[in-house]
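# Structural description and commentary
Residue-level listing of the chains:
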Amino acid sequence: GNIIKIESLHRAKIDPRRSVSSLSEGELRRVVKHTRQFSMVWLRTGRAGEKLVYNQTVCGTCKGMSVKMQKFGGGSDFSRVNARSANNASGGGIAFMSRVTFWCGICQ
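Notes on the structure in this doc start here. Here the structure is a predicted model, which is why all the values come from computation and not from measurement.

### Describing the overall build of the protein chain
When helices and strands are tallied, the protein chain shows three helices and two strands. Within the protein chain, the fraction of its 108 residues that count as buried is 31%. In the protein chain, 66% of the contacts between residues at least 6 apart in sequence involve partners at least 24 apart. As presented, the protein chain carries roughly 7,000 Å² of accessible surface, and 56% of it is formed by carbon and sulfur atoms.

Shown next as structure tokens:
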């Protein structure tokens, strides 16, 4: 899911640091369109499509050395332990998962 998110946001030209509530209807439609396209290629071929920014240093679109990487999510060890305990007791998952995100500082 992380590759799909990163590559779909790149293709839709949306900065991953933006909140969903800040996106216009047109931007949301672009995200859905590109998410579906990338996912369908993966489903059809059994492999992720071309990775333009995921785990790259050079952007596959603009060819610039402009790919940024940042870890999002997480929290303190204390909050993770408490969230894990509370969620496991109720049958849920881990609340504070962190993911690394990549984006192009020029294209997005």
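### Some details on the packing of helix 1 (residues 2-11) against helix 2 (residues 25-45)
Packing of helix 1 against helix 2 brings their axes to within 8 Å, and their N-to-C directions diverge by 130 degrees. On the basis of their axis angle, the class for helix 1 and helix 2 is oblique. Crossing of helix 1 over helix 2 shows right-handed handedness. Here helix 1 contributes Ile3, Ile4, Glu7, Ser8, Leu9 and Arg11 to the contact with helix 2, which in turn contributes Val31, His34, Thr35, Phe38, Ser39 and Trp42. Taken together, the residues that form the contact of helix 1 with helix 2 break down as six nonpolar, four polar and two charged.

### Looking at helix 2
The terminal C-alpha atoms of helix 2, which comprises 21 residues, lie 30 Å apart, in line with the 30 Å expected from a rise of 1.5 Å per residue. Taken as a whole, helix 2 has its buried residues at Glu27, Val31, His34 and Phe38. The buried residues of helix 2 all sit within an arc of 75 degrees when viewed along its axis, so they share a single face. The exposed set on the far side of helix 2, more than 90 degrees from its buried face, consists of Glu25, Arg29, Val32, Arg36, Leu43 and Arg44. As for helix 2, its buried residues are in contact with helix 1. A positive backbone phi angle near 80 degrees is found at glycine 46, which sits one or two residues after helix 2.

Quick notes on the rules
Residues numbered from 1 in each chain as written. Predicted model: local features only at pLDDT ≥ 70, side-chain atom pairs only at ≥ 80, totals over all residues. Heavy atoms only, no water. Helix = DSSP H or I, 4+ residues; strand = E, 2+ residues; numbered from the N terminus. Buried < 20%, exposed > 50% of the residue type's maximum accessible area, 1.4 Å probe, protein only. Contact = heavy atoms within 4.5 Å. Areas by Shrake-Rupley, 256 points an atom, 1.4 Å probe, with all protein chains shown as cover. Axes fitted to C-alpha atoms, helices over the stretch in contact; angles between N-to-C directions. Parallel < 35°, antiparallel > 145°, perpendicular 65-115°, else oblique. Left-handed = near helix turned anticlockwise from the far one by under 90°. Nonpolar A, V, L, I, M, F, W, Y, C, P; charged D, E, K, R; others polar. Expected span 1.5 Å × (residues − 1). Arc of directions from axis to C-beta.

Nothing here speaks to function; it is geometry throughout.
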